[in-house]
Structure formats: structure tokens, C-alpha cells
Amino acid sequence: MLIARLIAEPDHLSARLEAAKAEMERAGVRIASAAMLDFCGQTMQMASPDDDAAALRQALDAHFAPTDGLVTADEPIVPRVFISDMDSTMIGQECIDELGDFAGLKDRIAAITERAMQGELDFEQALRERVGLLQGLGTDSIEQCLATRIQPMPGAKVLVETLRALGCRTVLVTGGFHQFADPVAEQLGFEHVVGNRLEVAGGKLTGGLVGGIVDSAVKKATLLAEIEAAKEQWGDGVTTLATGDGANDIPMLEAATYGIAYRAKPKARAAANGWIDRGDLTSVLRLLGISEKDWVR
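Everything numeric here is computed off the predicted structure, so don't read it as measured data.

1. Points about the packing of helix α1 (residues 10-26) against helix α2 (residues 53-64)
One way to put it is that α1 packs onto α2 with a least axis distance of 9 Å and a crossing angle of 140°. Along this stretch, α1 crosses α2, giving a crossing that reads as right-handed. Counted together, His12, Leu13, Arg16, Leu17, Ala19, Ala20, Glu23 and Met24 of α1 and Leu56, Gln58, Ala59, Leu60, Ala62, His63 and Phe64 of α2 form the full contact between these two elements.

See the structure below:
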């Protein structure tokens, strides 16, 4: 049974449902049921005995956009592992772009970041190029940037703390830097951080990095390692959630039970089986069926 959960404008849900169902059925996707979830307000659940998730998503996008949604083979449950990207997912900024502003190079660095997140550039090459442009910048700029520029995405802390309270392991994995990710993780409630580290000497950035690069392969490997660790407690079939926005998140999103693309680049959105285009990160909780009374605020 294919299950789709959808959050959209309430008048769209009621007014456009029949047209959407007709389009789905023309594409060979029959709708067995469609109803609002009593225990999770604003969320409609559809069920289909067919398995063409792409056709179902196409109809949802055509008739209800902008939406938040999740399409799965089974009714969603609370995951045992949650792994998330940081920049433009858990926080509203790209840290390296903001740090580049302190060096007077924000536009140049941001242009490289955008191309990398769209999947147009090799991630490691783009990262090293941008970090190299920061050579000589004082480390005090990191503290200033954290204090004045970096803000959590709306709903981020509620999402992380709620999942953690429900027994889910929470991991922040970023192609950004520990100098930003560690305080962000502490603020939001993540238990573990995987990221890159800016090299520092004499109170200034050297333009290099310490150790290996956290790229798309490392993000996926981190998720798989967390699954193996969780099996010791939960056995096989560990349910996982991943959130991200860029091309370097795609392998992680594809490997998760629920891969949710948050206001994402087109390639990442297409690769995920869930998406947030309309609401904030608490929409993830609604799509998983977690009642608002159980949210940690």
C-alpha cells in the first residue's frame, strides 16, 4: 500500500482533491482512501494499492503546490535515527558564505556554494576553493559570525528535541565546519556532530582544512553506521529520517527510510521521498504523525 501524507492550503485540499484523484487514476494510481488525520491536524493521508510514487507526486505537485509531503510504502512511524544537514536546513544560512562576508568575498564565495549545492561542481573541489579564499581571516570572525549571522530554521529545535524525547538518535552531519556545527548542535539538541574543521594557526585561518572531507559519501556512510549501531538496541529494520537541501545530501536522503528535502534544490527534492516547501521544520513531525501534544517546545 502506497501512503501519501500532504500538508497544503486547506481550501486547496478540499477544492482540488477530486481533480487530483482523477489525474492519478488516469496515470494508473488508484486512490483507495483520502482523509484528514484526526490526531495530526492539517495533514491529509491518501492510500493507494498501486506503487507508482512518481505519478502520485506529480499529481500532488500539479494540484496542491506549495505543499509539504511524504510518500512511503508503509504508514510512517517515529524513526530510531535522525540525521540532518546543517546549512540551509537546520540553520537559515550557509556558514561559509557568511564568513566570506567578513573577508569581503561573500558574493564570490556564495556563487560557488550555489553551484555546488545545485550539483554543478565537485563538492570537495568547491569546498577547498572557498576555504582557500578565507586565508588570513582572523578566528574572531567565526565568533562574530555565530553571534550575529547564524540563526536556527523555524521549528528546528522543536523537531530535534521532540524526536530525541521519543527515543530517536539525533546526528548533525555537515559539509560545513565544526567551529559552527558544534555550537549549533548544542543549541538545537543534537547528540553527535560530523563535519569538517577549518585549520587555524596564529589566530588566523590558514585557508586549509584539518583531516578528511565530509562529502556526500561520508554523509551516507554516517547514516549507515548509525543504523548498524541502532540495531544493537532495536534489531533489524531500523527506521531512519534524513533532512537536507543540496546535491551533496542526495545519497543520505535516498538511503533513509524517510528522506525529506527541506526547501531544497531541484535535484535533492526529486531524490527524496518527502519534501517541505510550505511550512517550517515542524511539518516533519506532522508528516510522521506525531501529535502536537507530544512536541517538545
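2. Comments concerning the nonpolar core
In this structure, Phe82, Met90, Leu99, Leu163 and Phe180 are the most contacted members of the largest nonpolar core, which totals 54 residues. Beyond its immediate sequence surroundings of up to four residues, Leu163 is in contact with Pro79, Phe82, Cys168, Leu241, Leu285, Leu288 and Ile290. Residues Ile83, Leu223, Ala242 and Ala272 belong to the second largest nonpolar core, which totals 20 residues.

3. With respect to the side chain of Ser84
As for its position among the elements, Ser84 is in strand β5 (residues 81-84). Classification of Ser84 as buried rests on a relative accessible area of 0%. At a separation of 2.6 Å, a polar atom in the side chain of Ser84 contacts the side chain of Thr243. When sequence neighbours within four positions are dropped, the list of residues in contact with Ser84 reads Thr89, Met90, Val171, Leu172, Val173, Phe190 and Thr243.

4. Considering empty space enclosed by the protein
Taken as a whole, this structure holds 1 cavity of 30 Å³ or more when the rule is applied. Here the largest cavity is characterised by a volume of approximately 150 Å³. Looking at the largest cavity, it is lined by 18 residues, and the ones nearest its centre are Asp87, Glu94, Phe123, Gly175 and Gly176. Of all elements in the fold, only α3 (95-102), α4 (106-117), α5 (123-133) and β6 (169-177) reach the threshold of two or more residues within the lining of the largest cavity. In terms of residue count, the dominant contributor to the lining of the largest cavity is β6 (4 residues).

5. Some thoughts on unusual backbone geometry
The peptide bond linking Ala65 to Pro66 adopts the cis configuration, its omega dihedral lying at 0°. Tracing the sequence through the fold places Pro66 in the loop between α2 and β4 (68-72). Phi at Ser88 takes a positive value of approximately 65°, unusual for a residue other than glycine. Note on placement: Ser88 falls in the loop between β5 and α3. Classification of Ser88 by relative accessible area gives buried; the value is 17%. Despite not being glycine, Arg263 shows a phi value in the positive range, around 40°. For Arg263, a relative accessible area of 42% gives the class partly exposed.

The rules we used
Residues numbered from 1 in each chain as written. Predicted model: local features only at pLDDT ≥ 70, side-chain atom pairs only at ≥ 80, totals over all residues. Heavy atoms only, no water. Axes fitted to C-alpha atoms, helices over the stretch in contact; angles between N-to-C directions. Helix = DSSP H or I, 4+ residues; strand = E, 2+ residues; numbered from the N terminus. Left-handed = near helix turned anticlockwise from the far one by under 90°. Contact = heavy atoms within 4.5 Å. Core = buried A, V, L, I, M, F, W, Y, C linked by side-chain atoms within 4.5 Å. Buried < 20%, exposed > 50% of the residue type's maximum accessible area, 1.4 Å probe, protein only. Polar contact = N/O pair within 3.5 Å; in protein donor to acceptor, adjacent residues only side chain to side chain. 1 Å grid on protein atoms, 1.4 Å probe; cavity = no way out; pocket = protein on both sides within 12 Å on 5 of 7 lines; lining within 4 Å. Points joined across faces, edges and corners; volume = space filled by probe spheres on them.

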